[in-house]
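Below, each chain spelled out in residue letters.
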Amino acid sequence: MDTVRLGVVGIGWWGGVLTESARESGLAEVVACFARSVDTREAFAKEHGCRAASSLEDILDDPEIDGLLVATPHSTHLEMVERAAAAGKHVFVEKPLTLTVAEAKRSIAATEAAGVILQVGHNRRRQPANRLLKELIGSGELGTVLQLEGNQSGPGGHKPALPGWRRTAEECPAGGMTGLGVHIVDTFNYFVGPAKRVTAFSKRIHGFLPLDEATTVILEYESGPLGYIGTSYFVPAVNVLSVYGSDGNAWNEEDGTRLFTQERKDPARIEREVDTVNTIVDELAEFARCIRDGTTPETGAAQGLEVAAVLEAIDRSVASGCAVELADLR
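Calculation criteria
- Residues numbered from 1 in each chain as written.
- Predicted model: local features only at pLDDT ≥ 70, side-chain atom pairs only at ≥ 80, totals over all residues.
- Heavy atoms only, no water.
- Helix = DSSP H or I, 4+ residues; strand = E, 2+ residues; numbered from the N terminus.
- Buried < 20%, exposed > 50% of the residue type's maximum accessible area, 1.4 Å probe, protein only.
- Contact = heavy atoms within 4.5 Å.
- Polar contact = N/O pair within 3.5 Å; in protein donor to acceptor, adjacent residues only side chain to side chain.
- Right-handed = clockwise from strand over helix to strand, strands pointing away.
- Pairing = 2+ DSSP bridges.
- Axes fitted to C-alpha atoms, helices over the stretch in contact; angles between N-to-C directions.
- 1 Å grid on protein atoms, 1.4 Å probe; cavity = no way out; pocket = protein on both sides within 12 Å on 5 of 7 lines; lining within 4 Å.
- Points joined across faces, edges and corners; volume = space filled by probe spheres on them.
- Nonpolar A, V, L, I, M, F, W, Y, C, P; charged D, E, K, R; others polar.
- Salt bridge = Lys/Arg side-chain N within 4 Å of Asp/Glu carboxyl O.
- Expected span 1.5 Å × (residues − 1).

Draft legend 1. Inspection of the environment of Ser-153 at higher detail. Within the fold, Ser-153 resides in strand β7 (residues 145-153). On the accessibility criterion, Ser-153 (7% relative accessible area) is buried. Spatially, the C-alpha atom of Ser-153 lies 21 Å from that of Ala-71, the residues being 82 residues apart in sequence. Not counting the four nearest positions on each side in its chain, Ser-153 is found in contact with Leu-180, Gly-230, Thr-231, Ser-232, Val-235, Pro-236, Ala-237 and Val-238. Side-chain polar atoms of Ser-153 contact the side chain of Asn-151, separated by 2.7 Å.

Draft legend 2. Here's a closer look at the pairing of strand β5 (residues 90-93). Here β5 shows a buried face lined by His-90 and Phe-92 and a second buried face lined by Val-91 and Val-93. Taken together, strand β4 (residues 67-70), helix α4 (residues 77-86) and β5 constitute a β-α-β crossover, and its handedness is right-handed. Taken together, the 3 bridges between β5 and strand β6 (residues 118-120) define a ladder with parallel strand orientation. The residue of β6 that forms the bridge with Val-91 is Leu-118.

Draft legend 3. Focus on the sheet that holds strand β12 (residues 248-253). As summarised here, the arrangement of the 9 strands in space is β14-β13-β12-β11-β7-β10-β9-β8-β15, forming an open sheet in which the pairing is mixed. This sheet does not close on itself; its edge strands, each paired only once, are β14 (270-272) and β15 (324-325). Judged from the 2 bridges that link them, strand β8 (residues 195-203) and β15 form a sheet pairing that is antiparallel. By the bridge assignment, Val-198 is partnered in β15 with Val-324. Sheet contacts for helix α6 (residues 128-139): β7, β11 (238-245), β12, β13 (258-263) and β14; angle to β12, the most-contacted strand, approximately 170°. Running over the sheet, helix α9 (residues 301-320) touches β8, β9 (214-221) and β15 and is turned about 50° from β8.

Draft legend 4. Expanded view of empty space enclosed by the protein. On inspection of all chains with the given rule, the structure shows 1 cavity of 30 Å³ or more. In this structure, the largest cavity spans a volume of roughly 70 Å³. Around the largest cavity, the lining residues are Arg-124, Gln-127, Asn-130, Gln-152, His-183, Ile-184, Thr-187, Asn-239, Val-240, Leu-241, Asn-252 and Asp-255. Residue assignment for the lining of the largest cavity shows that the elements contributing at least two residues are α7 (177-192) and β11. Of the residues that constitute the lining of the largest cavity, the class distribution is 3 nonpolar, 7 polar and 2 charged.

Draft legend 5. Expanded view of the pattern of salt bridges. All chains considered together, the criterion is met by 24 salt bridges. The closest approach of N and O atoms between Arg-124 and Asp-255, which form a salt bridge, is 3.0 Å. Of the two residues, Arg-124 is situated in the loop between β6 and α6 and Asp-255 in the loop between β12 and β13; the sequence distance between them amounts to 131 residues. For Arg-125, the salt bridge is made with Asp-186, and the minimal N-O distance between the two is 2.9 Å. Placement of Arg-125 in the loop between β6 and α6 and of Asp-186 in helix α7 is noted, with a sequence separation of 61 residues between them. Exposure remark for Asp-186: the relative accessible area of 1% places this residue in the buried category. Salt bridges here are not isolated pairs; linked through shared partners, they connect Arg-125, Arg-131, Asp-186 and Glu-298.

Draft legend 6. Quick peek at the side chain of Thr-19. One can find Thr-19 in helix α1 (residues 13-25). The residues contacting Thr-19, other than those within four sequence positions of it, are Val-8, Val-30, Phe-44 and His-48.

Draft legend 7. Seen up close, α7. Where burial is concerned, most of α7 is hidden: 16 out of the 16 residues are buried. Of the residues one or two after α7, Gly-193 is the one with positive phi, at around 95°.

Draft legend 8. Focus on α1. An ideal rise of 1.5 Å per residue puts 18 Å on 13 residues; α1 measures up with 19 Å between its terminal C-alpha atoms. Buried within α1 are the following residues: Gly-15, Gly-16, Leu-18, Thr-19, Ser-21, Ala-22 and Ser-25. Looking at the buried positions of α1, the neighbouring elements they touch are β1 (4-9), β2 (28-34), α2 (38-48), β4, β5 and α8 (279-293). Note on α1: the residue one or two positions beyond its end, Gly-26, has a positive phi of about 75°.

Draft legend 9. Quick look at unusual backbone geometry. Here the residue pair Lys-95 and Pro-96 is connected by a cis peptide bond, since its omega of -10° sits within 30 degrees of zero. Along the chain, Pro-96 falls in the loop between β5 and α5 (101-114). Backbone geometry places Asp-255, a non-glycine residue, at a positive phi of 60°.

Now the structure itself:
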């Protein structure tokens, strides 16, 4: 298969990760980059072996470029997707797709009208530990799934080099949700299907930055289970995800590198061997295959929309103090 040629916009740290991951996939390569700062784009181009585009249009007008990687602030995703789609470029947009359902629907409409691929960077479901949890649910080994529980947190809010846009509540509503907790939102959707109702609490406690420092989300899923998601951008790293069923429990720890199960009849926990993969490389390899084959990515429009709906519901619940029905947003 011919190598897919990509441009990238949003060339901070994560833009570099996407660029190197595309190359590592063996199926794609970033050939052009753009940032408003000339020095920034020239430095990125030198480091990653691509050309520094003079404008975004320079990338979008290049007939040899197949798609665009978008790693810009959340509030700019809609504009980036619409511009790329209008130019006939396939789009990989870093999670979340957008912060609201209305903008997610506009993004989807633009790519569908243009006939281009839209993929959202929800990579955590690709962890082999989460694939195994999905198998355990599907096989019935855990019985009826009753509860889901997850916490993804980290100390990024304390870092002096944290980009300015990640320090604002406008770009990062509900504190760590868009950067961290959003991974659990998508993974729970992958496990048990879409959420039905959301209640959330999110608040500033210490005042490190103008961001909420603790966020708690309670979800009811259409398929029956209840779920809890916790996240903070101001605590030491935590990454635990659990599924509790009538016949057994299963959970992964340490960012999917360890997985445990526990049976109702024999409650001693058992650690199961689990592989690890580079989930970023994996998702970009899929993006390249979808471009070449015209297939639909695993985390495409529908999945991105569901996550945007939960994020908007969280924001509304925090503001109102009430539960929010997802059907009212969709």
